Amino acid sequence: MSDTPFGFGLPPEEPDDGDEGKKKDQQSGGGQGPANPFGFGGLPGAGGFGGTGADNPFAAMFGSLNPNDLGAAFQQLGQMLSYEGGPVNWDMAKQIARQTVSQGTSDGTKDASVGPAERNAVQEAVRLADLWLDDATALPSGAGSAVAWSRAEWVEATLPAWQELVDPVAERVGTAMGDVLPEEMQAMAGPLIGMMRSMGGAMFGTQIGQAVGVLAGEVVGSTDIGLPLGPVGKAALLPINIETFGKDLGVPKEEVRLYIALREAAHQRLFAHVPWLRSHLFGAVDGYARGIKVDTAKLEDVVGQFDPQNPEQLQDALQQGMFQPEDTPEQKAALARLETALALVEGWVDAVVHAAAKPRLSSADALRETLRRRRASGGPAEQTFATLIGLELRPRRLRDASRLWASLTDARGVDGRDALWAHPDMLPTASDLDDPDGFVHREQIDFSELDKMLGEAAGGSTGKPDLKKKDDDTKGDAQGDSKDDDTE
């Protein structure tokens, strides 16, 4: 688990402004009292415009500004306070993310539109990947189409999923920003509470936009972090990032692209044909978020020292983390459920892709190990994920899950292995990852009769994924349709 769960902090290798923020707090004095719960009197410029900060909070906010800077400060503050939406200003998040993308990555690579040749190469890679996967899994193709995205297009396409993941956390902060007022004053401070929530929404939007923009510079597909971030049924690759990823590997770029396509197509099969899986993962994130405790004392101190001349102050506080996990059985269970589910998804994809690629690609072992080390070393993708969601997918669990799925293939065959996705209670648990042999040889619970009864009660539809291979004629037709769809 991240040290700053849900704290929207900077990646570990990037220094933060903690010392500078402390100096600013010391300089500002932080004066607070019963008649002035937010401490405006301690801000720079408290005596400007003919009054003290305690008697005139607006003087505290703007008294120290030069006339030439006053218009810019009002414009910036106006943008922050005019927001009236949810807990995160997602319009601002998208704007910041696109600006971050346009600046390029640290290696100097700039974003660029995807040309026709690259789009055709991606479609061909996904089509071939799906053919190879047919022999490695009982799940049919889940990619109705294959697309090549620029980094900016990835930002646009994945923001709805980020919103679903992050909004529950940001909502807790927005509520806490109103709770820092004494209860007897909250009824009289409606406008001020609204201002604070708008300000928080803008700051969250800025921080999330920066994080997503950084992530867009590294991801190679829509499912890199184990969650379905893109539209359903659309396999997506980022050619510019794939080229950067394979630059120094000594592997032909066609093989790199095909291996990444195998991983993307395998994820698409899993999320398309296990209908409960997406809600299970996102629900675990939400369950963990509900157990997060906001440090209201720190929040009150930050609000009390807020200086509109330096709006980054609040953002720095968000980066340093204002969230504390509750050590409750419910939150522990939610965290364990999410960690295990993500490990099982990534482990299954790793095992299936290796089975499909090993006989066909001479570079399969090298590419597999490179991707594993990429995850283990905690690159920007993993660090950003931990920053936004408060969770790190532990490589040890990923490798354990991959070995378990491989053992299940040997013991039960492809169909028997993939049948476990039919019901969440049939999947391995965290303890099973520690004892894979015990799970592999354990007699499994048969849910078929229960599913049949529930299906009949609901009108004959069980909602259970069809994990069995279709007959040869039907399968042939389906493959033909899939090929046509991939070229859209």
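Before reading further, recall that the structure is shown in the block above.
As the structure is a prediction and not an experimental result, all values here were calculated from the model.

Reading the values: the criteria
- Note that residues are indexed from 1 along each chain, following the sequence as it is written.
- In keeping with the model being predicted, local features are shown solely for residues with a pLDDT of at least 70 and side-chain atom pairs are shown and tallied solely at 80 or more, while totals for entire chains, interfaces and linings include all residues.
- The basis for every side-chain value is the complete set of non-hydrogen atoms in the structure, without hydrogens or water.
- Labels follow the DSSP assignment, with helices taken as runs of H or I lasting at least four residues and strands as runs of E lasting at least two, numbered in each case from the N terminus.
- What makes two residues a contact is simply this: any of their non-hydrogen atoms within 4.5 Å.
- Multiplying 1.5 Å by the helix residue count minus one yields the expected span of that helix.
- Burial classes follow relative accessibility: with a 1.4 Å probe on protein chains only, a residue under 20% of its type's maximum area counts as buried, one over 50% as exposed, and anything between as partly exposed.
- Between 30 and 60 degrees the pair is tilted, below 30 it is stacked and above 60 it is edge-to-face, where a pair is any two Phe, Tyr or Trp rings, Trp via its six-membered ring, whose centres lie within 6.5 Å.
- Should the NZ of a Lys or the CZ of an Arg lie within 6 Å of a ring centre and within 35 degrees of the ring normal, that charge is described as sitting over the ring.

(A) Highlighting the environment of V219. Looking at where V219 falls in the secondary structure, it is placed in the loop between α8 (190-216) and β2 (234-237). Sequence separation between V219 and I242 is 23 residues, and the spatial gap between their C-alpha atoms is 8.2 Å. Excluding anything up to four places from it in sequence, V219 contacts W154, D224, L238, N241 and R374.

(B) Up close: helix α10 (residues 253-273). Its 21 residues give α10 an end-to-end C-alpha distance of 30 Å, which sits within 8% of 30 Å, the value for a rise of 1.5 Å per residue. Burial analysis of α10 places 16 of its 21 residues in the buried class, the great majority of the element.

(C) View of the packing of aromatic side chains. Applying the stated criterion across every chain, the model contains three aromatic pairs. Judged by centre distance (6.4 Å) and plane angle (85°), the ring pair of W348 and W421 falls under edge-to-face. Of this pair, W348 sits in helix α14 (residues 329-357) while W421 sits in the loop between α17 (395-418) and α18 (430-434), and the two are 73 residues apart along the sequence. Per residue, the accessibility class of W348 equals that of W421, and both read buried. Ring pairs connect the aromatic residues W276, W348, W405 and W421, which therefore count as one cluster. The ring of F282 has R278 lying over it, and the distance from NZ or CZ to the ring centre is 4.1 Å. Across the ring face of F439, the terminal group of R412 is positioned such that the distance to the ring centre comes to 5.8 Å.

(D) Layout of the environment of E218. Examined against the element boundaries, E218 turns out to sit in the loop between α8 and β2. Considering only alpha carbons, one finds E218 and T105, 113 residues apart in sequence, at a separation of 8.5 Å.

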